[in-house]
Amino acid sequence: MKRRNFIKNMSLASVAAPVVVNNIQFKGIAKKLFTYSKMAESRVLVIIRLNGGNDGLNSVIPIDQYDNLMIQRPNIIIPEAQILPVTDTIGFHPVMTGMKNMFDSGKLGIIQDVGYPEQNRSHFRSMDIWTSGSLEIEETRGWLGRNFDMHYENFPSAYPNTDYPHPFAISMGYETSTTCQGLMGNFSHAVANPTQPMNVNGNSAVNDGTYFGDHMQYITTIINQTNAYGTAINNAANGGSSLSTLYDANNPIAVQLRNVAKMISGGLQSKVYILNINGFDTHDNQVTSESSTTTGMHANLMKTLSDAIYAFQDDLQLLGLENRVAGMTFSEFGRQVASNYSLGTDHGDAAPMFLFGTCVSGSVIGNNPTIGDQIVNQAGIPIQYDFRDIYASILKDWFLVDPEEIQTLFEHDVNFVEVLAGCGLSVEEKEFQKDGILIYPNPCVSNATVRFVAQNERVHIEIYDLNGRSVAVVTDQLFDQGTHNVTCDLHDLKAGRYQVRVVKQSGILTKALVKI
């Protein structure tokens, strides 16, 4: 029996099944995220999954075809006068005021009619397709998990380490995301409340040379990794900050996004955060009544999403993190064009995706769907964009992954779409190449990361105030040849200007740092 199968059969946990501690689940961590430009290492992607199948036609409303929408869904359609105008041909549900403000300020993008060929309308199968990024039923890995596995077949050994001290992905809540499922385990950690202390108790196993001893030692290694990553998550969340006053404490997604902001600002180097909103399977009671179609189940869900994203974006701006974070939403399918007799909609095909952040490329990608004047039984919205092309484009535009490498992750011929190209890093790349040192975020709130190149040498990093007095020693140790990232805990320092000095045999580097 292979170790992978052994672990799956253990009662404690498996690499692919989470360990649960203090409302936190953990899974194995990979050695590396992507083979991309070093400057993309500070970028973060937030994924929000709309579980159940979002009704795109009542979210992004094609107002240029309102007359035919009235024919198709007279009992749930939003009154035309109450639709929030976005463009001349598109409007939002009236509860989406936050996302409307983001669109107007260039921080929200829309991709029309995203799906895949021969749409499967089963929740389970379609979500498998979306999270795996593959139409092949045999594919059990996620689209991000495959990218991890491409480079690190020996996962999850030897982590955390100096270069990769933090988990690569975080799943907010109680379940890890299959998006990050790899061959030998899941690369994400499920975290319900990152501010709470966390620790997995376990006895150190001694490998007595037997089959069982070998695998018990392996489990001990996983527990040790779990505790190390748990400490990193906890320290980042408690050391980070949230400055926006727009978060609603009764909005569960807003609470989770606020924790995400704390972890990012606290210096956690995780690249992906995944969140879930349940309840979008609106077969009935999507609206309150035929005379009150602006309220109801779907209105509540869209308000929850819109308000939370708006508060999060406001927080990122106040924290000086806007250019580092991008986000996206997806749902396993859209709804049918025509409504049903239960004030709802049934499983459909394509639906819009939202992108958010200062780096979104373009306002609206694609055309409005064509709505006919005749009701066709069970008709859905046909696709304009294959969701796998959107995934591939995010890898290319945001994480700067090589297009040839991206193609190997998907079974179809990828067509790249410019989705997240608004925040080039050319200035920072030139700065790093010129100075040999980079500090980000800068200004920072409580934690910052120092990036430098070492040549198999001892490196001493120290922080000084403007009077030349030492206020903190960050590290003093040997570093292998290559580029390294070291987190500076600035929680105890007062707001102000400082100098970070990196002393090594190959040279001395100095960089200004501002704490706000």
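Cut-off values and rules
Residues numbered from 1 in each chain as written. Predicted model: local features only at pLDDT ≥ 70, side-chain atom pairs only at ≥ 80, totals over all residues. Heavy atoms only, no water. Helix = DSSP H or I, 4+ residues; strand = E, 2+ residues; numbered from the N terminus. Buried < 20%, exposed > 50% of the residue type's maximum accessible area, 1.4 Å probe, protein only. Contact = heavy atoms within 4.5 Å. Pairing = 2+ DSSP bridges. Axes fitted to C-alpha atoms, helices over the stretch in contact; angles between N-to-C directions. Core = buried A, V, L, I, M, F, W, Y, C linked by side-chain atoms within 4.5 Å. Salt bridge = Lys/Arg side-chain N within 4 Å of Asp/Glu carboxyl O. Polar contact = N/O pair within 3.5 Å; in protein donor to acceptor, adjacent residues only side chain to side chain. Parallel < 35°, antiparallel > 145°, perpendicular 65-115°, else oblique. Nonpolar A, V, L, I, M, F, W, Y, C, P; charged D, E, K, R; others polar. Expected span 1.5 Å × (residues − 1). Phe/Tyr/Trp six-rings, centres within 6.5 Å; stacked < 30°, edge-to-face > 60°. Lys NZ or Arg CZ within 6 Å of the ring centre and 35° of its normal.

Caption draft 1: Layout of the overall build of the protein chain. Looking only at helices and strands, the protein chain features eleven helices and 21 strands. In the protein chain, which comprises 516 residues, the share counted as buried stands at 58%. Pairs at least 24 residues apart make up 73% of the contacts formed inside the protein chain by residues separated by at least 6 positions.

Caption draft 2: Inspection of the sheet that holds strand 4 (residues 60-62) at higher detail. Across the sheet, three strands lie side by side as 4-6-5; this open sheet has antiparallel pairing. Two strands close off the open sheet at either side, each with one partner strand: strand 4 and strand 5 (84-85).

Caption draft 3: Region of the structure containing the sheet that holds strand 19 (residues 482-489). One open sheet holds the three strands; their spatial order is 15-16-19, and the pairing between them is antiparallel. In this open sheet, the two strands that pair with only one neighbour each are strand 15 (437-440) and strand 19. Adjacent strand axes in the sheet meet at a mean angle of 20°, parallel and antiparallel pairs treated alike. Sheet topology note: the strand 15/strand 16 (residues 447-454) ladder contains four bridges and is antiparallel. Counted as the bridge partner of I437 is F452 from strand 16.

Caption draft 4: Highlighting the nonpolar core. Ranked by internal contacts, the top residues of the largest apolar core, which has 52 residues, are V46, I48, F92, L257, Y273, F312 and F354. Among the elements that line this core, the one with the most residues is helix 8 (residues 297-319), at ten residues. Contact partners of Y273, with chain neighbours within four places excluded, come to V44, L45, V46, I47, I170, V260, M263, I264 and L268. Core analysis: the next-biggest nonpolar cluster, separate from the first, contains 43 residues, I47, M127, I129 and Y391 among them.

Caption draft 5: How the structure looks around the pattern of salt bridges. According to the stated counting rule, one finds 14 salt bridges in the structure shown. Salt-bridge contacts for R146 lead to E139; the nearest nitrogen and oxygen are separated by 3.9 Å. Its salt-bridge partner being R335, residue D281 comes within 3.2 Å of it at the nearest N-O pair. Separated by 54 residues along the polypeptide, D281 in the loop between strand 10 (272-277) and helix 8 and R335 in the loop between strand 11 (325-330) and strand 12 (351-356) bring together distant segments of the chain. Given the relative accessible area of 31%, D281 is considered partly exposed. Under the relative-accessibility criterion, R335 is labelled buried at 2%.

Caption draft 6: Local environment of the environment of Q477. In this fold, Q477 is placed in strand 18 (residues 470-479). For the pair Q477 and R458, spaced 19 residues apart in the sequence, the C-alpha separation amounts to 5.2 Å. Contacts of Q477, omitting those with residues within four sequence positions, involve T162, E457, R458 and V459. A distance of 3.1 Å separates the side chain of Q477 from the side chain of T475, its partner in a polar contact.

Caption draft 7: Main features of the packing of helix 3 (residues 97-104) against helix 8. Taken N-terminus to C-terminus, the directions of helix 3 and helix 8 make an angle of 45°; their axes are 6 Å apart at the nearest point. The pairing of helix 3 with helix 8 is recorded here as oblique in orientation. Note on element contacts: helix 8 touches helix 3 through L305, S306, I309, Y310 and Q313, opposite T97, G98, M99, N101 and M102. The residue makeup of the contact of helix 3 with helix 8, split by class, is five nonpolar, five polar and no charged.

Caption draft 8: Molecular detail of the pairing of strand 10. Across the six residues that make up strand 10, a large majority, five, are buried. Where strand 8 (residues 169-172) meets strand 10, three bridges bridge the pair, whose relative direction is parallel. Paired with I170 across the two strands is Y273, which belongs to strand 10.

Caption draft 9: Expanded view of unusual backbone geometry. The phi torsion at N285 lies on the positive side, around 55°, for a residue other than glycine. Residue placement: N285 occurs in the loop between strand 10 and helix 8. Located in the positive-phi region is N456, a residue other than glycine, with phi close to 55°. Here N456 lies in the loop between strand 16 and strand 17 (457-465).

Caption draft 10: Examining helix 5 (residues 143-151) more closely. The element helix 5 is extensively covered by neighbouring structure, given that seven of its nine residues are classed as buried. By the burial criterion, the buried members of helix 5 are W143, L144, G145, R146, N147, F148 and D149. Turning to helix 5, the residues buried within the fold contact strand 3 (44-50), helix 4 (123-132), strand 10, helix 9 (387-397) and helix 10 (403-407).

Caption draft 11: Just helix 7 (residues 252-265), in detail. Counted at 1.5 Å a residue, the expected span for helix 7 with its 14 residues is 20 Å, and the 20 Å between its end C-alpha atoms agrees. With respect to burial, helix 7 is a largely interior element, eleven of its 14 residues being buried. Looking only at helix 7, the buried set comprises I253, A254, Q256, L257, N259, V260, A261, K262, M263, I264 and S265. Sitting at the amino-terminal end of helix 7 is N251, which places a side-chain oxygen 3.1 Å from the backbone nitrogen of I253. Remark: G267 follows helix 7 within two positions and exhibits a positive phi of approximately 100°.

Caption draft 12: Here's a closer look at the packing of aromatic side chains. According to the stated counting rule, one finds eleven aromatic pairs in the structure shown. Ring centres of F148 and F187 lie 4.1 Å apart, and the angle between their planes is 45°; on these two criteria the pair is classed as tilted. Of the two residues, F148 sits in helix 5 while F187 sits in the loop between strand 8 and strand 9 (188-191), which places them 39 residues apart along the sequence. Three or more aromatic residues joined by ring pairs form one cluster here, namely Y116, W130, W143, F330, F387 and Y391. In this structure, R43 is placed above the aromatic ring of W398, and the distance from its NZ or CZ to the ring centre is 4.3 Å. Over the face of the ring belonging to F410 we find R146, whose NZ or CZ atom lies 5.8 Å from the ring centre.

Caption draft 13: Structural view of the pairing of strand 12. When you tally the buried positions in strand 12, you get six out of six residues, the bulk of the element. Sheet topology places strand 11 next to strand 12; two bridges connect them, and they run antiparallel. Of the residues in strand 12, the one forming a bridge with G327 is F356.

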